[in-house]
Amino acid sequence: MGGGTSGDAGGGARGEQVRLVPYGDGDLWLLRRYNSPEMTEHLGGPETEEKLLARHQRYLDLAVGGMFRVVLAGSGETVGSIGFWEHEWRGGTVWETGWAVLPEFQRRGLAVRAARAVAEAARDAGRHRYLHAFPKVDHAASNGVCRRAGFTLLGPVEFEYPKGNPITSNDWRLDLTDGRPDGTPDAQDA
């Protein structure tokens, strides 16, 4: 995965650059910061400490894909997290992504930059042609990130997240080949 991926232009007036830093053992604090009713409103609500510890371990153990802290390139200040992982979808395997930005850093275009940077990381990892995001249909901010980061809206889909909690999400898809003739991943990818 390397030492980090830079995000570039677009998505905010400040023009702030972001870097993706691999998620590490000392990053549990970030999951705890997200574990508030406001930050988990679209994700089923806050988790117990036991579930947070299990999520932290899953992030550390992710063998295919990657989880990252999103940091400001200039200051190194952590503003959120983002990742990509394999997801079985419509008879094939695709990359899925998800992110969170701390409240004090929202509305600055940083999630858009992070989404573009994680798309580059997924593209570099190869394996799959598409990167999908599945924000709830009523989560305007995350749907806006998808749109501004260049994803294509495929439409609403039904999910359970967390397990036992039915939700309707939008299926956003980004073609990682982007017209590149030099590495079209599996043609069967959804």
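Residues numbered from 1 in each chain as written. Predicted model: local features only at pLDDT ≥ 70, side-chain atom pairs only at ≥ 80, totals over all residues. Heavy atoms only, no water.

Trainee: Run through the packing of aromatic side chains, naming residues and quoting values.
Mentor: How two aromatic rings sit relative to each other is set out by the distance from centre to centre and by the angle between their planes. One pass over the full model with this rule turns up six aromatic pairs. Between tyrosine 23 and tyrosine 59, the aromatic rings sit 5.3 Å apart at their centres with planes inclined by 85°, giving edge-to-face as the arrangement. One end of the pair, tyrosine 23, is in the loop between β2 (18-22) and α1 (28-34); the other, tyrosine 59, is in helix α2 (residues 49-61), and 36 residues separate them in sequence. Residue classification places tyrosine 23 among the buried residues on the basis of a relative accessible area of 9%. With 4.8 Å between their ring centres and 70° between their planes, phenylalanine 134 and phenylalanine 159 make a pair best called edge-to-face. Of this pair, phenylalanine 134 sits in the loop between β6 (130-133) and α4 (140-148) while phenylalanine 159 is found in strand β7 (residues 152-160), placing the two residues 25 residues apart along the sequence. The class for phenylalanine 134 is buried, based on a relative accessible area of 12%. These aromatic residues form a ring-pair network of at least three members: Phe68, Phe84 and Trp95. When the ring centre of tyrosine 130 is taken as reference, the NZ or CZ atom of arginine 173 above it lies at 4.0 Å. (Phe/Tyr/Trp six-rings, centres within 6.5 Å; stacked < 30°, edge-to-face > 60°. Helix = DSSP H or I, 4+ residues; strand = E, 2+ residues; numbered from the N terminus. Buried < 20%, exposed > 50% of the residue type's maximum accessible area, 1.4 Å probe, protein only. Lys NZ or Arg CZ within 6 Å of the ring centre and 35° of its normal.)

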